[in-house]
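# Close look at the chain arrangement
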Amino acid sequence: MKPTLAITMGDPAGIGAEIAVKALSRAEVYELCLPVVIGDKEALLDANRFCRTGLELREISEIRDAGGQLGVLDYIDLGFLVKGGWSYKMVSGLCGKASYAYVRRGIELALAGDVLGVVTGPINKEALAVAGIPYTGHTEIFADLTDTRDYGMLLLSDTLRVIHVTTHVSMREACDRITEERVYQTIRLAHEALQALGIEHPRIAVAGLNAHAGENGLFGSEEETSIRPAIAKAAADGYDAEGPIPPDTVFVKAVGGMYDVVVAMYHDQGHIPLKLSGFKLDAKTGRYTAVSGVNCTIGLPIVRTSVDHGTAFGKAGEGRANEESMVDAIKIAVTLAKVKFGFADGIA
């Protein structure tokens, strides 16, 4: 049995449609799932043409009409775009509104049980703001529309896994949000997520916030007031959590195999090492030769995974976007969906 997944197209001005058609031209995707793109016909037609994927695009109105046939891309058209009615590489309210609508429809389909997971293409936060959409990113949209209070952003590459205590807020606000309760909940979410991915006894490293993990209060108090008590509570509840570990060494230890996941305190603390482990750039051409990594929202009642990169406006509309992260996100969504809904073992 293969799970049906909704693939939301992302911001039409970016590379979302390109990575969707490229990923869905690969046989390995159809061996694992039945994908349906939620987006706009005109953008998909464009991407199919300039990516030279040669797919047959088949519009459907209901998920149950999807055929899951390699070479035929099933999609639901939300009709925001007309031919030539938007511009690649540019922020616009139209594209921000459209990208939010794709995500909202995917969530609705998942909550209704019509799909077993949602895989999201990249959206643009500035475009959302221009459109008057009051969210800072996918994670917040999914949490709000599924009425989820305790959730986390988990990033995965081939060599590293990271989950965040805080995400899309300023550094000043991030410090205020690092509470004992939030750190504990993130440790719990990390444990549950890794078990769903097939790791029976996850080893969890918890990063410090301050230099040298605070040096026992010398460089800051958050480790002593919030992080260390949360780790102690987690250990008492049976979670294999250690820390706080200095941020400048914890990721090296995780990549070296000492830990299965790192609990990062804020957005860039986790994103920088994750992208260093999964992205490769050719300095001579300025192009990425590898874009590996998956973003999962953990704690939701539905499965959600995403590419771990942005809209890449600089290369949008040119057919040279790398679909590797989208394929990875689909594979992880399949694993999580099979475990969460109990009809098969995971694949990862």
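Our subject in this report is the structure included herewith. (Residues numbered from 1 in each chain as written. Predicted model: local features only at pLDDT ≥ 70, side-chain atom pairs only at ≥ 80, totals over all residues. Heavy atoms only, no water.)

### Some words on the overall build of the protein
Condition: Each helix corresponds to a stretch of at least 4 residues labelled H or I by DSSP, and each strand to a stretch of at least 2 residues labelled E; elements are numbered beginning at the N terminus. We compute the radius of gyration from the C-alpha atoms alone; for a globule the expected value is 2.2 Å times N to the 0.38, where N is the number of residues. Classification of residues uses two cut-offs on accessible area relative to the type maximum, computed with a 1.4 Å probe and protein chains only: under 20% is buried, over 50% is exposed, and between them is partly exposed. By definition, residues are in contact when any of their heavy atoms lie within 4.5 Å. Residue-level accessible areas treat just the shown protein chains as cover; the underlying method is Shrake-Rupley with a 1.4 Å probe. His is not counted, nor are the chain ends; Lys and Arg add positive charge and Asp and Glu add negative charge. Think of each charge as sitting on NZ of Lys, CZ of Arg, CG of Asp or CD of Glu.
Secondary structure assignment for the protein yields 12 helices and 14 strands. A compact globule built from 348 residues would reach a C-alpha radius of gyration of about 20 Å, and the protein, at 20 Å, matches this within 12%. A total of 348 residues make up the protein; the buried ones form 57% of that total. Taking the contacts inside the protein whose residues are at least 6 apart along the sequence as the reference set, 73% of them involve residues at least 24 apart. In the structure as shown, the protein presents an accessible area of about 14,400 Å², 49% of it carried by carbon and sulfur atoms. Here the protein carries 34 positive and 44 negative side-chain charges, and the mean point of each set is 5 Å from the other.

### A word on the pattern of salt bridges
As a working rule, side chains carrying opposite charge can pair if their charged atoms are close by. Short version of the rule: A pairing counts as a salt bridge when a side-chain nitrogen of Lys or Arg comes within 4 Å of a carboxyl oxygen of Asp or Glu.
On inspection of all chains with the given rule, the structure shows 15 salt bridges. Ionic pairing is found between D46 and R49, a salt bridge with its closest N-O pair at 3.1 Å. You can see D46 and its partner R49 sitting in helix α3 (residues 41-50), three residues apart, about one turn around the helix. The exposed category is assigned to R49, whose relative accessible area is 55%. Among the salt bridges present, the one from E108 reaches R105, with a minimum N-O distance of 3.9 Å. One end of the pair is E108 and the other is R105, both in helix α4 (residues 93-111) and three residues apart, which spans about a single turn. Residue classification places R105 among the partly exposed residues on the basis of a relative accessible area of 31%.

### Observations concerning the side chain of Q269
Put simply, the rule is: Here a polar contact means two N or O atoms within 3.5 Å. Within protein one must be a hydrogen donor candidate and the other an acceptor candidate, and residues neighboring in sequence count only if both atoms are side-chain atoms.
Its location among the elements puts Q269 in helix α11 (residues 267-278). In terms of polar contacts, Q269 uses its side chain to reach the backbone carbonyl oxygen of G208, at 3.0 Å. If we skip the residues at most four places from it in the chain, Q269 touches A207, G208, L209, P247, F251 and A264.

### Comments concerning the packing of aromatic side chains
Keep this limit in mind: Only Phe, Tyr and Trp rings take part, Trp by its six-membered ring, and two of them pair if their centres are within 6.5 Å. Stacked means planes under 30 degrees apart, edge-to-face means over 60, and tilted covers everything else.
Under the counting rule described, the total for this entry stands at five aromatic pairs. Summarising the aromatic geometry, the rings of F80 and Y102 are spaced 6.4 Å apart at their centres and angled 85° between planes, so their arrangement reads as edge-to-face. Here Y102 lies in helix α4 and F80 lies in the loop between β4 (72-77) and α4, a separation of 22 residues in the sequence. Centroid distance Y184 to Y239: 6.3 Å. Interplanar angle 65°. Geometry classified as edge-to-face.

### Let's talk about the side chain of S157
Looking at the element boundaries, S157 is found in the loop between β6 (152-156) and β7 (161-164). There is a polar contact of 2.7 Å between the side chain of S157 and the side chain of S277. Apart from the residues lying within four places of it in its own chain, the contact partners of S157 are L274 and S277.

### What about unusual backbone geometry?
The amide bond that connects G243 to the next residue, P244, takes the cis arrangement and shows omega of -5°. Considering the arrangement of structural elements, one finds P244 in strand β9 (residues 240-245). Despite not being glycine, R52 has its phi angle at roughly 55°, a positive value. By the secondary structure assignment, R52 is in the loop between α3 and β3 (56-59). For K89, which is not glycine, the phi torsion reads 75° and is therefore positive. By the secondary structure assignment, K89 is in the loop between β4 and α4. Given the relative accessible area of 36%, K89 is considered partly exposed.

### Brief notes about the pairing of strand β2 (residues 34-39)
The cut-off we apply is this: Only strands joined by at least two bridges in the DSSP assignment are considered to pair.
Most of β2 is tucked away, with six of its six residues classed as buried. A two-sided burial pattern is seen for β2, the buried positions comprising L34, V36 and I38 on one face and P35, V37 and G39 on the other. Where β2 lies against β4, three bridges are found, and the strand directions are parallel. Counterpart to G39 in the pairing with β4 is D77.

### Notes on the environment of L57
Along the chain, L57 turns up in strand β3. Here L57 falls in the buried class, since its relative accessible area comes to 19%. For the pair formed by L57 and V21, sequence separation is 36 residues and the distance between their alpha carbons is 9.5 Å. In contact with L57, other than residues within four places in its own chain, are L44, L45, N48, L73 and Y75.

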